[in-house]
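Here is how the chains run, residue by residue.
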Amino acid sequence: MMDIFKKCYQFDTAKKAREGGYYPYFHELTSKQDTVVHMEGKEMIMIGSNNYLGLTSHPEVIQAAVEATLKYGTGVSGSRFLNGTLNLHKDLERELAEFLNKEDCTIFSTGFQSNLGIISAVAGRNDIIFSDKENHASIYDGTRLSYAEVIRYEHSNMEDLAEKLSKAPENKGKIIITDGVFSMSGDIAKLPEIVALAKEYGARVMVDDAHGFGVMGPTGRGTAEHFGLEKEIDIIMGTFSKSLASLGGYVAAESDVVDYIRHNSRPYIFSAAIPAANTAAALAALRILKREPERVQALHDIADYMRQGLKNKGLKIRDSRTPIIPIFTYTQLRTLVACNSLFEQGVYVNPVVPPATPIGECLIRTSYTATHTKEQMDIAIEKIAAVLKNLEDFEE
């Protein structure tokens, strides 16, 4: 008789990494998320966070969450559809829609759930989804939850996308879904070309701007603003867990589309609503972004400084124009050992290994915050360069 737990008992990858002293996951934070954090008794320069605008420790954001908890309690005990809608939810939706220049917006409990809920509601049996192969896992799972046909095109390959669109039946609904900023590589989607192809072949466009909101565009409205295409993007999805220093997600689009999602999205209807503290924190962070758009430029300035510093040390990076800077480490073991060594030396980074990357193209993913200092970056650059130099002759 086959035991369903057999795979669990045979899984030993994590055990081997723990025994070898290079397990890089689940380090315990004992401080706020900031440019410098405390983890397991060590002070760490944090360059592995998505706290792009540096707002997770902002006094106004923290105070908003505290006051909302005191007023509304710790949870809503129901879905938005029934007893779980707070006036705070409506306030955040209105301000987000206005900021993103969209007619309407609704919010979900997490960013991952947002993609599940949007895609599975909008795309049905008679539709085709065209999805970039490097899209986020939540997009992959959202397409699986829908009943639509899914066609994946090569990463940012517009010729491949055009060919696949040209072969799609005209009587099928079509939507192109792409990350705005790709979370592992820092690549920016080719939205001008995507929009042009969508118009040519009668498709809609959805952008997951989880890593674009607060990062791209002069005022941080995202990848669409960066390209001047806000009116051309049909659906914008994003999260609160990055630039907006909270937890949750949203969809912004035409009123009819958002209303349809509210009434047809199973992840939306059958999940408890986002708690007041998370909602208030995101709303406070949004208001700070609107008041202080210079944070966006500060973020790019510090990322550019770090990017040039890594290049000056001769390190091979996956070049981008975003605050996500991946450094090539090639093999899985070398990557895990490097991350562990940096942790011991007080620099926190993230390992990116298969299946998140192809075999032989493993990375250290670093990401930056508007409130990082050049002094912090200088320390990080020196330590990264030294660790990777020591691993040049590392044999697995």
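Per chain, residues are indexed from 1 in the order of the written sequence. This being a predicted model, a pLDDT of at least 70 is required before a residue's local features are given, and a value of 80 or more before pairs of side-chain atoms are given or counted; all residues contribute to the totals for chains, interfaces and linings. Hydrogens and water are ignored here; the side-chain numbers use all heavy atoms of the structure.

Caption draft 1: Region of the structure containing the UniProt feature "domain: Aminotransferase class I/classII large" (unreviewed entry) in the chain. UniProt positions are given in the numbering used here, feature names are shortened, and annotations may be inferred rather than shown by experiment. The UniProt record marks residues 43–384 with the feature "domain: Aminotransferase class I/classII large" (unreviewed entry), using the residue numbering of this structure. Put simply, DSSP marks the helices as runs of H or I at least four residues long and the strands as runs of E at least two long, and each gets a number from the N terminus on. Taken end to end, residues 43–384 comprises 43% helix and 18% strand; its first and last C-alpha atoms sit 16 Å apart.

Caption draft 2: Representation of the packing of aromatic side chains. Under the pairing criterion, centres of Phe, Tyr and Trp rings, with the six-membered ring standing for Trp, must be within 6.5 Å; the plane angle then separates stacked pairs below 30 degrees from edge-to-face pairs above 60, leaving the rest tilted. Scanning the entire structure with this criterion turns up eight aromatic pairs. Where F5 meets Y9, the ring centres are 6.3 Å apart and the plane angle is 90°; that geometry is what we call edge-to-face. The interplanar angle of 65° and the centroid separation of 5.8 Å between the aromatic rings of F99 and F213 together place this pair among those described as edge-to-face. Of this pair, F99 sits in helix α4 (residues 87–99) while F213 is found in the loop between β7 (204–208) and α9 (223–227), placing the two residues 114 residues apart along the sequence. These aromatic residues form a ring-pair network of at least three members: F99, F213, F240 and Y250.

Caption draft 3: Structural context of the side chain of R80. Within the secondary structure layout, R80 lies in the loop between α3 (59–72) and α4. Each residue's exposure class comes from its accessible area (1.4 Å probe, protein chains only) as a fraction of the maximum for that residue type: buried when under 20%, exposed when over 50%, partly exposed otherwise. Given the relative accessible area of 8%, R80 is considered buried.

Caption draft 4: Representation of the packing of helix α7 (residues 158–166) against helix α8 (residues 191–201) within the structure. Helix axes are fitted to C-alpha atoms over the stretch in contact, other axes to C-alpha atoms as well, and angles between N-to-C directions run from 0 to 180 degrees. Between α7 and α8, the shortest axis-to-axis distance is 11 Å and the interhelical angle comes to 15°. By the angle class used here, α7 and α8 are roughly parallel. In the crossing of α7 with α8, the sense of the turn from one axis to the other is right-handed. Packed against α7, whose contacting residues are M158, L161, A162, L165 and S166, the element α8 presents E193, I194, L197 and Y201 at the interface. Across the contact of α7 with α8, the residue classes tally to seven nonpolar, one polar and one charged. Small angles under 35 degrees read as roughly parallel and large ones over 145 as roughly antiparallel, with 65 to 115 read as roughly perpendicular and the rest as oblique. It is the rotation of the near helix from the far one that decides the hand of a crossing: anticlockwise by less than a right angle makes it left-handed, clockwise makes it right-handed. Any two residues whose heavy atoms approach within 4.5 Å are treated as being in contact. By the convention adopted, Pro, Cys, Tyr, Trp, Phe, Met, Ile, Leu, Val and Ala count as nonpolar, Lys, Arg, Asp and Glu as charged, and the other residues, Gly among them, as polar.

Caption draft 5: Focus on the sheet that holds strand β1 (residues 36–39). The pairing criterion for strands is at least two bridges between them, as found by DSSP. The strand order across the open sheet built from three strands is β1-β2-β11, with neighbouring strands paired in mixed fashion. The open sheet terminates on both sides in strands that have one partner only, identified here as β1 and β11 (347–348). Sitting on the sheet, helix α15 (residues 374–390) is in contact with β1, β2 (42–46) and β11, with an inclination near 100° to β2.

Caption draft 6: Structural detail: the sheet that holds strand β12 (residues 350–352). With respect to topology, three strands assemble into an open sheet ordered β10-β13-β12, the strand pairing being antiparallel. In this open sheet, the two edge strands, each paired with only one partner strand, are β10 (324–330) and β12. Between one strand and the next, the sheet's axes are offset by a mean angle of 30°, whatever the strand orientation. Across three bridges, the pairing between β12 and strand β13 (residues 362–367) is antiparallel. In the sheet register, P351 faces β13, and the bridge partner there is I364. Docked against the sheet, helix α14 (residues 332–344) engages β10, β12 and β13, running at close to 35° with respect to β13.

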